[in-house]
Amino acid sequence: MTLQVVRPVGAVAPLLKASGVSLEYGGTRATHDVSFDVYRGDRFVLLGPSGCGKSSLLKAAAGFLTPSAGSISIDGAAVTGPGPDRIVVFQEFDQLPPWKTVKENVMFPLLMTKRLRRHEAEERAMHWIAKVGLGGFENAHPHTLSGGMKQRVAIARALAMQPEVLLMDEPFAALDALTRRNMQEELGRLWEELRFTLLFVTHSIEEALVVGNRILLLSPHPGQVRAELNSHQFDLRSAGSAEFQAAAQRIHSLLFDAPVIAKPLDRSVAL
Ligand SMILES: Nc1ncnc2c1ncn2[C@@H]1O[C@H](COP(=O)(O)OP(=O)(O)OP(=O)(O)O)[C@@H](O)[C@H]1O
């Protein structure tokens, strides 16, 4: 079996491009010289151990954090701050204002950015609430929902904005195993239908294989690129297979045993 980088056919330029990105907090370096390209329709996963700077890279792509070196661009334009073209779904359940109903939560960014008038925002919110399987819960408040339902609301709120890139920072990590699996399946189903571009952070090798079509492996702190691979052949149905287990094992070795690969062009690996 080989897992190699395969560029989407006909993709001429990446939608999101990170070039030599180093990120620092005070004197602490979180990532060093990280480069990657995300193409339209990719489900691109940043995978690495705790503290390797995955969330920091996602925050930089969102425009919340400015690189100390290197740059990030969307559609050729430098990212200089947050924008409605990049919406983040976080892990925390408290990302939804508790005083707003499900519908109000989904409508909020649409109204804030003045994208739609109230009745249009309401219509769009109802559409996305139904899409994530929460029809009937539009008037519920977040505290009455399960963790999985809250994450569905956050996904509906993000997709309703029709972002260029959906950014997800360990969105299912705080869920129980069964719900996490359901949410991975749900995300896959939504992607099959909508083909949005996803940048997804996880430290779970299995989740990376199930969710992503391409995976960037990052070394421990400070995060540097270890390798990049293509994983489009895996999904939840293949999760128990020998091939899947072998790929997971190989990724584990690459993450924890392999030396850091310095040259970006050398980093695609066969598993
Ligand atoms: N606000 C902050 N202030 C100072 N240091 C920070 C801050 N956020 C992150 N760091 C540091 O930057 C490094 C990378 O953190 P980051 O959260 O990006 O890693 P991560 O790979 O997402 O980890 P995890 O999987 O545990 O969330 C860590 O050493 C962390 O302590």
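Above: the structure in question.
Note that the coordinates shown come from a computational prediction; the quantities given were computed from them, not determined experimentally.

The environment of the ligand is made up of 13 residues, and the closest members are S50, G51, K54, S55 and S56. G51 is positioned with one of its backbone polar atoms (N or O) 2.8 Å from an oxygen atom of the ligand. Interatomic distance of 3.4 Å between a side-chain N/O atom of H221 and an oxygen atom of the ligand. Across the complex, the protein chains shield 60% of the 630 Å² of accessible surface that the ligand would expose by itself. The element contributing the most residues to the shell around the ligand is helix α1 (residues 54-62), with three residues. Here the shell around the ligand is composed, by residue class, of four nonpolar, seven polar and two charged.

With that settled, consider the environment of F108. Mapped onto the secondary structure, F108 falls in helix α2 (residues 102-112). Separated by 133 residues in the primary sequence, F108 and S241 place their C-alpha atoms 43 Å from one another.

Across its 14 residues, helix α3 (residues 118-131) extends 20 Å between first and last C-alpha, which sits within 8% of the 20 Å expected from 1.5 Å per residue. For α3, the set of buried residues is A121, A125, W128, I129 and K131. In a view along the axis of α3, the buried residues occupy a sector of 150°, so they form one face of it. Structural note: α3 exposes H119 and E123 on the side pointing more than 90 degrees away from its buried face. Where α3 is buried, its residues touch α2, α4 (147-160) and α5 (177-194).

About the cut-offs
- Residues numbered from 1 in each chain as written.
- Predicted model: local features only at pLDDT ≥ 70, side-chain atom pairs only at ≥ 80, totals over all residues.
- Heavy atoms only, no water.
- Near = heavy atom within 4 Å.
- Polar contact = N/O pair within 3.5 Å; in protein donor to acceptor, adjacent residues only side chain to side chain.
- Areas by Shrake-Rupley, 256 points an atom, 1.4 Å probe, with all protein chains shown as cover.
- Helix = DSSP H or I, 4+ residues; strand = E, 2+ residues; numbered from the N terminus.
- Nonpolar A, V, L, I, M, F, W, Y, C, P; charged D, E, K, R; others polar.
- Expected span 1.5 Å × (residues − 1).
- Buried < 20%, exposed > 50% of the residue type's maximum accessible area, 1.4 Å probe, protein only.
- Arc of directions from axis to C-beta.
- Contact = heavy atoms within 4.5 Å.

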